[in-house]
There are 4 protein chains.
Amino acid sequence: MEFNQEKPIYLQIVDWMSDKILSGIWSSDERIPSVRDVAMLLQVNPNTAMRAYDHLQNENIIYNKRGIGYFVEPEGQAKIMEHEKRRFLMEILPDIFTRMELLGISADDLNEEYKKHKTQ
Amino acid sequence: MEFNQEKPIYLQIVDWMSDKILSGIWSSDERIPSVRDVAMLLQVNPNTAMRAYDHLQNENIIYNKRGIGYFVEPEGQAKIMEHEKRRFLMEILPDIFTRMELLGISADDLNEEYKKHKTQ
Amino acid sequence: MEFNQEKPIYLQIVDWMSDKILSGIWSSDERIPSVRDVAMLLQVNPNTAMRAYDHLQNENIIYNKRGIGYFVEPEGQAKIMEHEKRRFLMEILPDIFTRMELLGISADDLNEEYKKHKTQ
Amino acid sequence: MEFNQEKPIYLQIVDWMSDKILSGIWSSDERIPSVRDVAMLLQVNPNTAMRAYDHLQNENIIYNKRGIGYFVEPEGQAKIMEHEKRRFLMEILPDIFTRMELLGISADDLNEEYKKHKTQ
DNA sequence: GTGGTCTAGACCACC
DNA sequence: GTGGTCTAGACCACA
């Protein structure tokens, strides 16, 4: 996995894990890979991986059984979905639209780009 | 002005200034407000404002006349426009689309949001 | 049985067993449930239950007859009682009192809470 | 400062800082000592001190101004007070009372101990 | 100067 | 085996 320079690695791991849960690869009450395994897989220090787990636990998306490992919270997927959806609609999209106007990109252009994206 | 927690303040100032130029409020070869004025207006440390000016100068969007002030490069607006447009289409949009799919947001939803945004 | 997140499970089992002995449910020289039974009852790993038994044996509160099971030491109840009483008065109460002062809880409040507790 | 063996150091630092705020030594919107200073003062690694700050920021008890330092949230003191008070009354006291009964300590004994504590 | 992130490596408690 | 904490030391971005 390649990491972006601008964003902390542990947050990129959070995103990566969120995607796993969101897409159902890791499902409710299922045990997810151990901190060490993720660290090895992504080639980062275990502490860094641990921070991602910490973060997700604080947001009640995963939980821990001591000595056993981490598990996806029953409502974890829904929680991420809702959270991300709201953020997308309320924060990201308005920015995008404002930017489109400044750059002279129309709704039609947008739709066309979307079609392109889908056929790729 | 309120600053986002995650993005460096000086980059948010860069964005704010870019908007001014892009929208024509600050036009070619026009003198823009002094570093100190911007710092006061936005309530930030002058060093922080200075960094924004530095950044824009490095990208050849503004230039400096010593002892007088900063000015918009003749092609500043076009430069931003082109640069931003490419970045928007190549980097930002694809991300947005991928995310939409993950969150179950359709093209129709997108268009509807756009209409909402325009009527606001 | 529900376990507290912060305290090791085996110590919570120790507390639970101590209560049994202290309240006389398990009395002197009486055979107590097997490690396996406790593990099943409390839904924990047998190793974890075993650790609790170990701990109590080290404190001479229970003893083991090989092949037969664990028993309460003749003076087990008294031993716990004395040990706990000293700890309670010397270590726990002072802490509680200091905290009460910081939180603005008076002796009267304390007594009232105690009455509430007893009537429950 | 001496640290307890059983509790993580960073949580003991959290307690120590909470006390400072609760007792008004650090008040609303006041800048608190830098992470490094606390680390030096308490003779711990800066990372460990940092964890305490992180924790308190997550609980909205302190906030950060980038490049400047950490400050006490306007409602920080009240927040700790309320949180701790509830925890004390709902979680800690009932335990204490149950234990008192098992140990044969009466309300009168309790009051007497409290008097002793106050005269010390 | 401030905080923030990351690595490397260690040690420990717990299951 | 699991996670959790801690240290030491480095580097960086930000104000």
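Residues numbered from 1 in each chain as written. Chains lettered and ligands numbered in written order. Predicted model: local features only at pLDDT ≥ 70, side-chain atom pairs only at ≥ 80, totals over all residues. Heavy atoms only, no water.

K.L.:
Would you take a moment to explain the confidence of the model for chain A for this structure?
P.N.:
Interpretation of the predicted coordinates at a detailed level should be avoided for regions scoring low in pLDDT. Residue-level pLDDT values for chain A average 90, and 100% of them are 70 or greater. Mean pLDDT values over the elements of chain A span from 85, in helix α4 (residues 76-103) of chain A, up to 96, in strand β2 (residues 69-72) of chain A. (pLDDT = per-residue confidence, 0-100. Helix = DSSP H or I, 4+ residues; strand = E, 2+ residues; numbered from the N terminus.)

K.L.:
Sorry if this is basic, but what is going on with helix α3 (residues 46-58) of chain A here?
P.N.:
Residues spaced three or four apart along an α-helix point in a common direction, a consequence of the helix completing one turn every 3.6 residues. Residue and element names in this part refer to chain A. With 13 residues, α3 ought to run about 18 Å at 1.5 Å a step, and its terminal C-alpha atoms sit 18 Å apart, in line with that. Among the residues of α3, those classed as buried are Ala49, Ala52, Tyr53 and Leu56. Mapping the buried residues of α3 onto a view down its axis gives an arc of 95°, with all of them on the same face. Exposed and facing more than 90 degrees away from the buried side of α3 are Asn47 and Asn58. Looking at where α3 begins, the residue whose side-chain oxygen comes 2.7 Å from the main-chain nitrogen of Asn47 is Asn45. (Expected span 1.5 Å × (residues − 1). Buried < 20%, exposed > 50% of the residue type's maximum accessible area, 1.4 Å probe, protein only. Arc of directions from axis to C-beta. Polar contact = N/O pair within 3.5 Å; in protein donor to acceptor, adjacent residues only side chain to side chain.)

K.L.:
Help me understand the protein's contact with DNA strand F in this model?
P.N.:
Met50 and Tyr70 of chain A, Pro8 of chain B together with Ile9 and Thr48 of chain D are the nearest of the 26 residues found near DNA strand F. A share of 68% is what sugar and phosphate atoms reach among the atoms of DNA strand F within 4 Å of the protein. With respect to DNA strand F, the side chain of Arg51 of chain B contributes an N or O atom lying 3.5 Å from a phosphate oxygen. In the environment of DNA strand F, a phosphate oxygen lies 3.4 Å from a nitrogen or oxygen atom belonging to the backbone of Tyr10 of chain D. Elements supplying a minimum of two residues to the surface near DNA strand F: α2 (35-42), α3 and β2 of chain A, α1 (9-22) and α3 (46-58) of chain B together with α1 (9-22) and α3 (46-58) of chain D. In the surface near DNA strand F, the residues fall into 10 nonpolar, 11 polar and 5 charged. (Near = heavy atom within 4 Å. Nonpolar A, V, L, I, M, F, W, Y, C, P; charged D, E, K, R; others polar.)

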